[in-house]
Each structure stands twice: as structure tokens, then as C-alpha cells.
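# Commentary on secondary and tertiary structure
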Amino acid sequence: MIPSIDPKPPGKRLIKKMSTRTKWMILAPCGLLLFSFGLTVLSEATHQRRIGEPAQVWIVLGLYSLVLINGGLVMFSEALRFRILLDVRREARRSMRQLLRKVNTKSSGKSKSGKKQKALPKQIDRD
């Protein structure tokens, strides 16, 4: 009998369980670091070109730096997306709370000013 294997890799399940805030807190600094490192490698590639190294060396370094820069930008944009999602959710919750407060105050205001409420029966202590 063949055991059933989950087609998703374990890392994907771990990421899915993470909160949006955690994803944002991890991706933003990693994206910035990757972008910065890519710029450093790019400056090294231009330095290699200026000192007269063979084209193969500085072209490979330049391509590597482009991969790092673009990867950092993608990671940072994903972090930005998660941050915007957090802000939108917070605003939606805030507006829902304000709406509920308005509805509750209007419904309690109607019962006091409009019709008379029935008095609740008093409890009598029977000893």
C-alpha cells in the first residue's frame, strides 16, 4: 500500500500558518538587505570593469547583482502588500466598530424617547 503524501512542501504550510504581521516583519528587512547586497555586488562589478578584468568576470557579477536587486525589490513589495493589508483590515474593523456604536446609540435612543418600555417585575423576597 502506498502512503499518501501531501503535495505541498512543509515550508508552504508553515508560511500559510503565519500571521500577516509576521510575514511583513520577516519580508521587509530581508528584502532591504537583499537589495542592499545587490547594490554592493553591482558596485564591485563596475569596479572590476574599471580595473580591466576580463569581461566574463564583471558580466557575471553584474548579472548576479541584478538577480539580487530584483529579488530584494520583489520581497520588499510583498512586505509592502502585507502591510497595506494590515492597515486596510484595521481601518475596516475601526469603521465597523463606529458603525455598531451608531446603531446601538440610535436603537437605545428610540426606546427611551419613543414608546414607553414595560417595567420589569420587581422581585419580592419571600421568607
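Residues numbered from 1 in each chain as written. Predicted model: local features only at pLDDT ≥ 70, side-chain atom pairs only at ≥ 80, totals over all residues. Heavy atoms only, no water.

## Let's talk about the pattern of salt bridges
- In this structure the tally under the stated criterion is four salt bridges.
- Across the salt bridge formed by Asp 87 and Arg 90, the nearest N and O atoms sit 2.5 Å from each other. Within this pair, Asp 87 and its partner Arg 90 are both found in helix α3 (residues 55-113), separated by three residues, close to a single helical turn.
- A salt bridge links Arg 94 to Glu 91, with the nearest nitrogen and oxygen atoms 2.7 Å apart. One end of the pair, Arg 94, and the other, Glu 91, are both in helix α3, three residues apart, so they sit about a helical turn from each other.
- For Arg 94, a relative accessible area of 36% translates into the label partly exposed.
- For Glu 91, a relative accessible area of 43% puts it in the partly exposed group.
- The network of salt bridges with shared partners includes Arg 83, Asp 87 and Arg 90. (Salt bridge = Lys/Arg side-chain N within 4 Å of Asp/Glu carboxyl O. Helix = DSSP H or I, 4+ residues; strand = E, 2+ residues; numbered from the N terminus. Buried < 20%, exposed > 50% of the residue type's maximum accessible area, 1.4 Å probe, protein only.)

## Regarding the confidence of the model for the chain
- Mean pLDDT for the chain: 86, with 84% of residues reaching 70 or above.
- Confidence scores differ between elements of the chain, with helix α1 (residues 10-17) showing the lowest mean pLDDT of 81 and helix α2 (residues 20-50) the highest of 95. (pLDDT = per-residue confidence, 0-100.)

## Remarks on the packing of aromatic side chains
- Applying the stated criterion across every chain yields a total of zero aromatic pairs.
- A cation over a ring is seen here: Arg 81 above Phe 82, with NZ or CZ 4.9 Å from the ring centre. (Phe/Tyr/Trp six-rings, centres within 6.5 Å; stacked < 30°, edge-to-face > 60°. Lys NZ or Arg CZ within 6 Å of the ring centre and 35° of its normal.)

## Observations concerning the environment of Arg 83
- Mapped onto the fold, Arg 83 is located in helix α3.
- Among the residues examined, Arg 83 registers a relative accessible area of 25% and is labelled partly exposed.
- Residues Arg 83 and Met 25, 58 residues apart in the sequence, show an inter-C-alpha distance of 9.1 Å.
- With sequence-adjacent residues up to four places away left out, Arg 83 is seen in contact with Arg 21, Trp 24 and Arg 90. (Contact = heavy atoms within 4.5 Å.)

## Examining α2
- For α2, spanning 31 residues, the distance from its first C-alpha to its last is 45 Å, which sits close to the expected 45 Å at 1.5 Å a residue.
- Listed as buried for α2 are Thr 20, Lys 23, Leu 27, Ala 28, Gly 31, Gly 38, Val 41, Ala 45 and Gln 48.
- After α2 finishes, the residue Gly 52 shows a positive phi value of roughly 95 degrees. (Expected span 1.5 Å × (residues − 1).)

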